[in-house]
Amino acid sequence: MTNPLDQRVAPELEQFIREGTYKRLNFLDSPQGARVRMEGRGEVIILSSNNYLGLANESSVVAAGKEALDRFGAGTASVRFICGTFTIHRALEAACARLVGTPAALSFMSAWNANEAVPGTLLTEHDLIISDQLNHASIIDGIRLAKAITKCQTAVYQHGDLADLDAKLAAARDRRVKMVVTDGVFSMEGAIAKLPDLIELCGRHQAVLVVDDSHATGVLGNTGRGTAEHFGVVGEVDIITSTLGKALGGAAGGFVAASAAVCDYLTQRARPQLFSNALPPTVAASSMASIEYLEAHPERVTALRDNTRYFRDQLLGLGFAPLPGETPIIPVILGETAAAIRMSDLLLGEGVFVTGFGHPVVPQGQARVRCQISAAHTREDLDQALVAFRKIGRQLRLI
Ligand SMILES: Cc1ncc(COP(=O)(O)O)c(C=O)c1O
């Protein structure tokens, strides 16, 4: 007899397949890059990864991981405060802080963990956290957890709506700490948060600003220091969370960058620090090598920007109407989830891997294929992808 849980999930899985929303995993058999070897498909062009700078398989980044494996061994074998902190963690954290422009940083196993740690550790029942409506799932779940743990108040402001945020902050004068949290770059839209306005607003209300720069670190600003560099306000954001799993080598890990006191307090009290192992030294070393590569090669960021502009202009030229923006996230809205998954399947048939996203990842009726551009793409890669977009776009009567 099947167990009750299998009985519950099996009909839903069948429903996903019937509705065309079932996610089939594609298996890669080569390093991440502009082109990869996909099991059963051969070589495909990737327009779907967060490998924005192409560092996932950069020789110095890979070599740093190998050297760390020899020097430090495979794992940390403990949580940080017991005996799992290595010198490479300290060096990585100094590099993260230097990159994003804060006095200190603390690494986590993922940016998910970092986003979970911030509100749940730093807030109390006297405080309030206000979140942009389109923030990443890790921020949303971090807030849910914080509410359960600390009994802090929570609120959501309309996406990018500073007037709504202003009103909600004004109504919260009694709160001891008011924390505002936003994505720097919204991962499904590619939109950039209005950081200077947010800084001004938070200053006026004496609120703490937290920016999740996971899609901006290594991407925005002339030297890839993120949303703050893009707007010329490096050093003015209270807390930056970000990932090591995207532009910075793409392995795994995340960090909180903030004042020394906030990082110290998180070291003392954040549950993902106290009850879970630290980053493997290999990953910490590769991430650090990625930051060093970025600091020495700002031209990678320029190449990413040039590729992004080229691909966006060409898509527009073909008659597609991607969401406007200037980041390497270029979404084409299709409506229903099944339509996005179908377009993604057809493009894959043409050797181009672009993921389709539907509800609940994006709002109902706004399913999309999301192109992500990398500095590693050559013009040939992008042109070949555009040929596929033209063919499938015509077939689906989108252009
Ligand atoms: C905005 C944002 N924050 C956090 C994360 C989580 O990153 P990580 O893979 O390091 O947990 C992601 C990953 O998709 C993201 O897009």
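This is a predicted model, so every value here is computed, not measured.

Undergrad: How would you sum up the site of the ligand? Please name residues and give values.
TA: For the ligand, the set of nearby residues contains 14 residues, the closest of which are Ala 111, Asp 212, His 215, Thr 243 and Lys 246. Between the ligand and Asp 212 there is a distance of 2.6 Å, counted from a nitrogen atom to a side-chain nitrogen or oxygen. Contact with the protein chains hides 80% of the accessible area of the ligand, taken as 400 Å² for the molecule alone. A total of three residues in the shell around the ligand trace back to one element, the largest contributor, which is helix H5 (residues 111-122). Residue classes in the shell around the ligand are distributed as two nonpolar, nine polar and three charged.

Undergrad: Could you give me a rundown of the packing of helix H7 (residues 162-170) against helix H8 (residues 195-204), with the residues and numbers involved?
TA: Contact pair H7 / H8: the axes reach a minimum separation of 10 Å and the direction vectors enclose 15°. As far as their axial angle goes, H8 and H7 are roughly parallel. Judged by the twist between their axes, the crossing of H7 over H8 is right-handed. Mapping the contact onto sequence places Leu 162, Leu 165, Asp 166 and Leu 169 in H7 and Asp 197, Leu 198, Leu 201 and Arg 204 in H8.

Undergrad: Describe the pattern of salt bridges, with residues and values.
TA: This structure, assessed with the given rule, holds 15 salt bridges. Arg 98 serves as the salt-bridge partner of Glu 295, at 2.9 Å between the closest nitrogen and oxygen. You can see Glu 295 sitting in helix H12 (residues 281-296) and its partner Arg 98 sitting in helix H4 (residues 87-100), a full 197 residues away along the chain. The exposure class of Glu 295 is partly exposed, given its relative accessible area of 37%. The residue Asp 306 makes a salt bridge to Arg 309 at a minimum N-O spacing of 4.0 Å.

Undergrad: Can you tell me about the sheet that holds strand S9 (residues 254-258), naming the residues and giving the values?
TA: Taken together, the seven strands give an open sheet; going across it, the order is S3-S9-S8-S7-S6-S4-S5, and neighbouring strands pair in mixed fashion. In this open sheet, the two strands that pair with only one neighbour each are strand S3 (104-108) and strand S5 (153-157). Between one strand axis and the next, the sheet turns through 20° on average, direction left out of account. Two strands pair when backbone bridges link them, and strand S7 (residues 208-212) and strand S8 (residues 239-243) are joined in this way by three bridges, in the parallel orientation. Considered in S8, the bridge of Val 210 is made with Ile 239.

Undergrad: I'd like a rundown of the pairing of S9, residues and numbers included.
TA: For a regular strand, the rule is simple: side chains alternate between the two faces of the sheet. Most of S9 sits out of view: five of its five residues are buried. Side-chain alternation along S9 places Gly 254, Val 256 and Ala 258 on one buried face and Phe 255 and Ala 257 on a second face that is also buried. Two elements, S3 and S9, share five bridges in a ladder whose sense is antiparallel. Pairing of Ala 104 across the sheet is with Ala 258, part of S9. As paired elements, S8 and S9 share four bridges and run antiparallel to each other. Within S9, the residue paired with Ile 240 across the bridge is Ala 257.

Parameters and conventions
Residues numbered from 1 in each chain as written. Predicted model: local features only at pLDDT ≥ 70, side-chain atom pairs only at ≥ 80, totals over all residues. Heavy atoms only, no water. Near = heavy atom within 4 Å. Polar contact = N/O pair within 3.5 Å; in protein donor to acceptor, adjacent residues only side chain to side chain. Areas by Shrake-Rupley, 256 points an atom, 1.4 Å probe, with all protein chains shown as cover. Helix = DSSP H or I, 4+ residues; strand = E, 2+ residues; numbered from the N terminus. Nonpolar A, V, L, I, M, F, W, Y, C, P; charged D, E, K, R; others polar. Axes fitted to C-alpha atoms, helices over the stretch in contact; angles between N-to-C directions. Parallel < 35°, antiparallel > 145°, perpendicular 65-115°, else oblique. Left-handed = near helix turned anticlockwise from the far one by under 90°. Contact = heavy atoms within 4.5 Å. Salt bridge = Lys/Arg side-chain N within 4 Å of Asp/Glu carboxyl O. Buried < 20%, exposed > 50% of the residue type's maximum accessible area, 1.4 Å probe, protein only. Pairing = 2+ DSSP bridges.

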